[in-house]
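# Fold and geometry: a report
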Amino acid sequence: MCTKLTIVCTSYARRMHVVCASSVRRMPVVWLLSSCVIYHSGFAGIEFSGVDGTFLKHIHLRTACLLILVTRDGNNNLVIIAWCYCLGETSNNYEYFAKHLRTMSHAKEYMDRPTHLLYSDRMKGIKHFEKNFNCGHANCIVHICKNVIRHCAQFYGAKTNIPADPIHKIQQSASKAECETRLREFEKYFPHAGAYLRELTPKKVFKYAIVEAGYSTHGHRTSNLVEIINNVVKYARNLDCYR
């Protein structure tokens, strides 16, 4: 049996009606900052955002998480554009999140700017979020470093104690020639890791290619700014009313 719930948000979010199947699971709930917040908070000109998920670790809903779309304002402060409460980082939930964002004109306009760059990890589910917007897409270098180690672990005898610094330097190369030089040097010590990096799409990873494509990173190269939200909800997790 389905029950219709009305989520009444503050002036910073839109009222939405969510259908919940109580016998199966709860549908995701999407909240979005209003247009006045987006265009008067100082980041209207920042063509950068990041999407990722953070777990809430609820005592009953231990897999509950927030899918969050964030950016930074002109003072480099973290600003949340929208968030989706759901029970996991799945393709369907990311699709649901993006679908409702597109119904809100100011969010759609911001995400569809041709010079806008959206950072995310390479999780398959996030592709269902990215395909809904016409902005550029880039991959988080922190997640790539972790994926390199997982990739190398598949090969017998391959080194898995791969330092992240050389990979970051390769990613930050100012030109294609500099990137190639650093990558060749890296391959001498970590051939499997180097082969993995060569298979990546340059304009989604390497700084020189991102800049050549016409995007501004504003000094960012990771979607990990979403993980900062953990510090925000950490205190609330221990409150009696939450537990």
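Above this text is the structure in question.
What comes next concerns the included structure. (Residues numbered from 1 in each chain as written. Predicted model: local features only at pLDDT ≥ 70, side-chain atom pairs only at ≥ 80, totals over all residues. Heavy atoms only, no water.)

### Regarding the pairing of strand β4 (residues 48-55)
- Within β4, seven of the eight residues are buried, leaving the element largely enclosed by the surrounding structure.
- Bridging between β4 and strand β7 (residues 117-120) involves three bridges; their strand directions are parallel. Within β7, the residue paired with Phe48 across the bridge is Leu117.
- When β4 meets strand β5 (residues 65-72), the two strands line up antiparallel, connected through six bridges. Bridge pairing links Thr54 to Leu66 in β5. (Buried < 20%, exposed > 50% of the residue type's maximum accessible area, 1.4 Å probe, protein only. Helix = DSSP H or I, 4+ residues; strand = E, 2+ residues; numbered from the N terminus. Pairing = 2+ DSSP bridges.)

### Let's talk about the nonpolar core
- Residues Val51, Leu69, Phe97, Leu101 and Phe129 are the most contacted members of the largest nonpolar core, which totals 21 residues.
- For this core, the secondary-structure elements that each account for two or more residues are β5, β6 (78-86), α2 (91-102) and α3 (105-111). (Core = buried A, V, L, I, M, F, W, Y, C linked by side-chain atoms within 4.5 Å.)

### Looking at the pattern of salt bridges
- Under the counting rule described, the total for this entry stands at 10 salt bridges.
- In this structure, Glu109 engages Arg113 in a salt bridge whose closest nitrogen and oxygen atoms are separated by 3.3 Å.
- One salt-bridge network, held together by shared partners, links Glu180, Arg184, Glu187 and Arg198. (Salt bridge = Lys/Arg side-chain N within 4 Å of Asp/Glu carboxyl O.)

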